[in-house]
Amino acid sequence: MNGEPEKADSFTQASLYLHLMMLVSESTCFLAIHLREKEICQQTIARVDAVMELYHIEKLNPNIAAGFYFQAAVYYALCDESEEAVRRLKQYVDTVCFLLNHGMIHGDSYFTKMDRWVEELDLGSQMPRSSILVIQSAKECLKHPAFDGLRDRKEFMRLIEKISKMEENISS
């Protein structure tokens, strides 16, 4: 790419983006593996939160962000930290809503070449699953046994209602 600064810029941005998404995705798996190890989980969550905020991962790739929020909610629910579990589930549901309204992958003011790169992918920025499948998956996630202790909380019931409303809006 010597002498081709545009091509080098596009390649570098795509590489940065992919590595960032891999970092968050693998950290989510790491969190799942170490659910019973409080110190590792807390460090992982703090570090991923910082990366996600710094790079606006929720907006760049809401699917990756939603997966992390869900896994963090599972951790907090298993630790009987109900408030934080519900807060993370709210982030999960809000991110799924964003995903349904705005698509999967985006660039931003930092990743200025991403939208063009994404359009060159086979699916472009479209989701690989239908919206209805995404909602059904979100509903199933909220049935996770770790959340049994949260089911009677008003905040949790509101999240279920929000997903049901999304399903109604898409079905109509």
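None of these values were measured; they are calculated from a predicted model.

J.: Hey, could you run me through the pattern of salt bridges in this one?
T.: Side-chain pairs of opposite charge can arise where the charged atoms are in close proximity. Overall, the coordinates contain 12 salt bridges when judged by the stated rule. Close ionic contact of Lys-113 with Glu-6 constitutes a salt bridge, the shortest N to O distance being 2.9 Å. Residue Lys-113 is found in the loop between helix H5 (82–102) and helix H6 (114–119), and its partner Glu-6 is found in helix H1 (residues 5–33); the two are separated by 107 residues along the sequence. Two residues, Lys-143 and Glu-140, come together in a salt bridge whose shortest N-O distance is 3.2 Å. In the salt-bridge network here, residues are joined through shared partners; they are Asp-49, Glu-84, Arg-87 and Arg-88.

J.: Mind showing me how you'd approach helix H7 (residues 131–141) here?
T.: Think of an α-helix as turning once every 3.6 residues; residues three or four places apart then point the same way. Looking only at H7, the buried set comprises Val-134, Ile-135, Ala-138 and Cys-141. Looking straight down H7, one finds that the buried residues subtend no more than 120° of arc, so they occupy a single side. In this structure, the buried side of H7 is in contact with helix H4 (62–78), H5 and helix H8 (154–171).

J.: Teacher, can you tell me more about the nonpolar core here?
T.: A general tendency of soluble globular proteins is for nonpolar side chains to be buried together. Ranked by size, the top nonpolar core spans 49 residues in total, and within it Tyr-92 and Phe-147 carry the most contacts. Put simply, the parts of the chain that give this core at least two residues each are H1, helix H2 (38–55), helix H3 (57–60), H4, H5, H7 and H8. Sequence-distant contacts of Phe-147, defined by excluding residues within four places in its chain, comprise Phe-70, Ala-73, Val-74, Ala-77, Leu-89, Cys-141, Leu-142 and Phe-156.

J.: When you look at the packing of H1 against H4 in this model, what are you seeing that I'm missing?
T.: At a minimum axis distance of 9 Å, the contact between H1 and H4 shows a crossing angle of 20°. Judged on the interaxial angle alone, H4 and H1 are roughly parallel. Like other packed secondary-structure pairs, H1 and H4 cross with a definite hand, here left-handed. Residues Met-21, Val-24, Ser-25, Thr-28, Leu-31 and Ala-32 of H1 pack against Ile-64, Gly-67, Phe-68, Gln-71 and Ala-72 of H4. Classifying every residue of the contact of H1 with H4 by side-chain character gives 7 nonpolar, 4 polar and no charged.

J.: What should I look at first to understand the packing of aromatic side chains in this one?
T.: The geometry of two aromatic rings is summed up by the distance between their centres and the angle between their planes. Taken as a whole and judged by the stated rule, the model has 9 aromatic pairs. Between Tyr-55 and Phe-111, the aromatic rings sit 6.4 Å apart at their centres with planes inclined by 40°, giving tilted as the arrangement. Highlighted residues: Tyr-55 in helix H2 and Phe-111 in the loop between H5 and H6, separated in sequence by 56 residues. A residue is classified by how much of its surface remains accessible, and Tyr-55, at 26% relative accessible area, is partly exposed. For Phe-111, a relative accessible area of 2% translates into the label buried. With a centroid separation of 6.4 Å and 50° between ring planes, the pair formed by Phe-147 and Phe-156 is classed as tilted. Each member of the pair, Phe-147 as well as Phe-156, is classed as buried. An aromatic cluster of at least three residues, connected via ring pairs, comprises Tyr-17, Tyr-55, Tyr-110 and Phe-111. Across from the ring centre of Phe-98, 4.7 Å away, lies the NZ or CZ of Lys-59, which sits over that ring.

J.: Any chance you could explain H2 here in plain terms?
T.: In a regular helix each residue adds 1.5 Å, so 18 residues correspond to 26 Å; H2 covers 26 Å between its end C-alpha atoms and thus fits that length. Buried within H2 we find Cys-41, Thr-44, Ile-45, Val-48, Val-51 and Met-52. Down the axis of H2, the sector holding all buried residues measures 135°, keeping them to one side. Across H2 from its buried face, at more than 90 degrees, point the exposed residues Glu-39, Arg-47, Glu-53 and Leu-54.

Basis of the calculations
- Residues numbered from 1 in each chain as written.
- Predicted model: local features only at pLDDT ≥ 70, side-chain atom pairs only at ≥ 80, totals over all residues.
- Heavy atoms only, no water.
- Salt bridge = Lys/Arg side-chain N within 4 Å of Asp/Glu carboxyl O.
- Helix = DSSP H or I, 4+ residues; strand = E, 2+ residues; numbered from the N terminus.
- Buried < 20%, exposed > 50% of the residue type's maximum accessible area, 1.4 Å probe, protein only.
- Arc of directions from axis to C-beta.
- Contact = heavy atoms within 4.5 Å.
- Core = buried A, V, L, I, M, F, W, Y, C linked by side-chain atoms within 4.5 Å.
- Axes fitted to C-alpha atoms, helices over the stretch in contact; angles between N-to-C directions.
- Parallel < 35°, antiparallel > 145°, perpendicular 65-115°, else oblique.
- Left-handed = near helix turned anticlockwise from the far one by under 90°.
- Nonpolar A, V, L, I, M, F, W, Y, C, P; charged D, E, K, R; others polar.
- Phe/Tyr/Trp six-rings, centres within 6.5 Å; stacked < 30°, edge-to-face > 60°.
- Lys NZ or Arg CZ within 6 Å of the ring centre and 35° of its normal.
- Expected span 1.5 Å × (residues − 1).

Remember that the coordinates give geometry; whether it matters functionally is a separate question.
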